[in-house]
Amino acid sequence: MSKQPATTLSTNSVLQPLALWGGIECTVNRVGDTYQDQLVRNGHHHRDQDLFHIAQLGLKTLRYPLLWERTAPERVDQPDWQWADRRLGVLQELGIRPIIGLVHHGCGPKYATFAGPEFERQLPRYARQVAERYPWVDAYTPVNEPLTTARFSGLNGHWYPHANSPRVFVDILLRQCRATVLAMQQIRQVRPDAQLIQTDDLGQTHSSPKVNYQAEWENHRRWLSWDLLCGYVTKQHPLWDYLRWVGIPYAELAFFVDNPCPPSVIGINHYITSERYLDERIWQYPVHMQGGNERDRYVDTEVVRAAPEQRVGLTGLLQQAWKRYQRPIAVTEAHLGCTVDEQMRWLWDMWQQTQQARQAGADIQAVTAWALLGSFDWHCLLTRHEGYYEPGAFDVSSGHLQATPLAELIQCLATGQNPAELVPPGPGWWQIVPQPDLA
């Protein structure tokens, strides 16, 4: 990283109470020619009354989708606003501030996917339409998790266009980030003070000694979405030579230096699977987990299972992000797919770790209780339609919202109450480090 921000955009949030935001899992991803829509599967597409239940939790800020693929699926100039009008009207009535998402793990509609240049040409047009229709909205995430989406679509082959190519991976990442810059330019012509809340998954990669070089490279890569938007990717950046090696023209990289669009808030999504461990001892793992690069074979697994003593944890990751960017931060997704007791322990742990990072001087504004309505088939990264459902604050498996014990914890945190008595006693499973066998 060669540049530092000219000013620190601290809002002195350490002097303000930590806020709890909420979010609805809303992914519209494409596998083959099929689009999967979480809002249809969890029923929120048909239930605007869900928002009244969410408001009863005391949440005042909600990550909320007005997704391009859903609003204008055939042509960007033929949007259907009926669904959005009703729900944003309800949010305004309830006094809930939405952070509007325009693309969430999507590739864009079929007429403008991120496999080609139409994505970055037409997403800004859609963004401008949203801003003009809802000028009271002041916060946007044009593209959720650009790096993660580019990896799953262009490098790992899970989602459209199902590529396993460094060049496709980088092309998709750059296209999403350019679209973000251009979308925010359009939004700010309507709403000059509009904030960019830029989300991506943040973990850290650890490794056994032989593949430490790969872990080091991945630890540079994890910052790329934010680095590009901040204009940090110059010739001095650790991945500059890689980007040029895969064939990216100088002008495409210079675009971000010439048009910096630093996030108003760095949005960190963090899961138990975010921190990874690369292990050269492939014989200790099932065959389906074994992979590698062109140089070495290794397994990519969760550090919490393979080497839990090396785990950095959210506090350390937040401090890393604060040191790197010196910009306000929010934890924009905090969720654990597990029993409700463990979900409660996880959210409480994320809240406490965030408080620790604030006490150490990092400007952290909020923690977001994600997947309030639960999620479907994330156990297989949405590559199959198996109907595997993980509840969140509400269980929607019956077709109606049924509050889980997690909802009460969320309400306590959102309204500034002490939730300690609500959290089930004992550590979370991720907090138990196995002791060495001394026998």
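Residues numbered from 1 in each chain as written. Predicted model: local features only at pLDDT ≥ 70, side-chain atom pairs only at ≥ 80, totals over all residues. Heavy atoms only, no water.

## Describing the overall build of the protein
To keep it simple, the criterion reads: In DSSP terms, a helix is any run of H or I states spanning at least four residues, a strand is any run of E spanning at least two, and both are numbered starting from the N terminus. Exposed residues in this analysis have more than 50% of their type's maximum accessible area, buried residues have under 20%, and partly exposed residues fall in between, with area computed by a 1.4 Å probe over protein chains only. We call two residues in contact when some of their heavy atoms are within 4.5 Å.
A count of helical and extended segments in the protein gives 15 helices and 18 strands. Expressed as a percentage of its 439 residues, the buried residues of the protein come to 58%. Restricting the contact set of the protein to residue pairs at least 6 apart, pairs at least 24 apart contribute 75%.

## Points about the pairing of strand 3 (residues 34-37)
Inclusion rule: Note: two strands are recorded as paired if DSSP finds a minimum of 2 bridges between them.
Strand direction decides the pairing type here: strand 2 (residues 28-31) and strand 3, joined by 4 bridges, are antiparallel. Opposite N29, over in strand 3, you have Q36 as the bridge partner. With antiparallel pairing between neighbouring strands as the criterion, strand 2 and strand 3 make up a hairpin whose turn holds 2 residues, including G32 at a positive phi of roughly 65°.

## Things to note about the confidence of the model for the protein
To be explicit about the condition: Scored from 0 to 100, pLDDT records how confident the predictor is in each individual residue.
In this model, the protein carries an average pLDDT of 95, and 95% of its residues clear a pLDDT of 70 or more. Low confidence marks residues 1-13, where pLDDT is under 50. Its contacts with residues over four positions away, or in another chain, come to 35 contacts.

## Some words on the layout of surface pockets
Condition: Of the grid points, spaced at 1 Å and generated over the protein atoms alone, those admitting a 1.4 Å probe that cannot get out make up cavities, while open sets with protein on both sides within 12 Å along at least five of seven lines make up pockets; any residue with an atom within 4 Å of a point is treated as lining. Grid points are joined across faces, edges and corners, and a volume is the space filled by probe spheres set on the points.
In this structure, the second largest pocket encloses a volume near 310 Å³. Every residue lining the second largest pocket is counted, 21 residues in all, and those nearest its centre are P17, L18, A19, L20 and Q365. When residues of the lining of the second largest pocket are traced back to their parent elements, those giving at least two are strand 1 (19-23), helix 14 (340-359) and helix 15 (405-414). Top element by residues in the lining of the second largest pocket is strand 1. It accounts for 3 residues.

## Regarding unusual backbone geometry
Cis rather than trans, the peptide bond between Y160 and P161 has omega equal to 10°. Following the sequence through the fold, P161 ends up in the loop between helix 6 (146-155) and helix 7 (166-190). Even without being a glycine, Q326 presents a positive backbone phi close to 50°. Assignment of secondary structure puts Q326 in the loop between helix 13 (313-325) and strand 13 (329-334). At A371, a position not held by glycine, the phi torsion is positive, near 55°. Here A371 is to be found in the loop between strand 14 (364-369) and strand 15 (375-376).

## Things to note about the sheet that holds strand 12 (residues 297-302)
Stated formally: Every angle, taken between N-to-C directions, lies between 0 and 180 degrees, and every axis is a line fitted to C-alpha atoms, over only the stretch in contact when it is a helix.
Strand order across the open sheet formed by 4 strands is 8-10-12-11, with mixed pairing between neighbours. The outermost strands of the open sheet, each flanked by one partner alone, are strand 8 (205-207) and strand 11 (290-292). Within this sheet the neighbouring strands show an average axis-to-axis angle of 40°, counted without direction. Where strand 8 meets strand 10 (residues 276-279), 3 bridges bridge the pair, whose relative direction is parallel. Bridge assignment links H206 to a residue of strand 10, and that residue is Y277. Its contacts with the sheet place helix 8 (residues 212-221) against strand 8, strand 10 and strand 12, and it is angled at close to 175° to strand 8.

## Comments concerning the packing of aromatic side chains
Convention followed: Here is the rule: rings of Phe, Tyr and Trp (six-membered ring for Trp) pair when centre to centre is within 6.5 Å. Planes less than 30 degrees apart are stacked, more than 60 are edge-to-face, and the remainder are tilted. We call a charge positioned over a ring when the NZ of a Lys or the CZ of an Arg lies within 6 Å of the ring centre and within 35 degrees of the ring normal.
Going through the model one piece at a time under the given rule, you end up with 20 aromatic pairs. With a centroid separation of 5.9 Å and an interplanar angle of 55°, the aromatic rings of F114 and F119 are classed as tilted. There is no split in this pair, since F114 and F119 are both buried. An aromatic cluster is defined as three or more aromatic residues linked by ring pairs; in this entry it consists of W68, W81, Y111, F114, F119, Y126 and Y134. Positioned over the ring face of Y160 is R30, at 3.8 Å from the centre of the ring. The cationic tip of R70 hangs over the ring face of W83; the distance from NZ or CZ to the ring centre is 4.7 Å.

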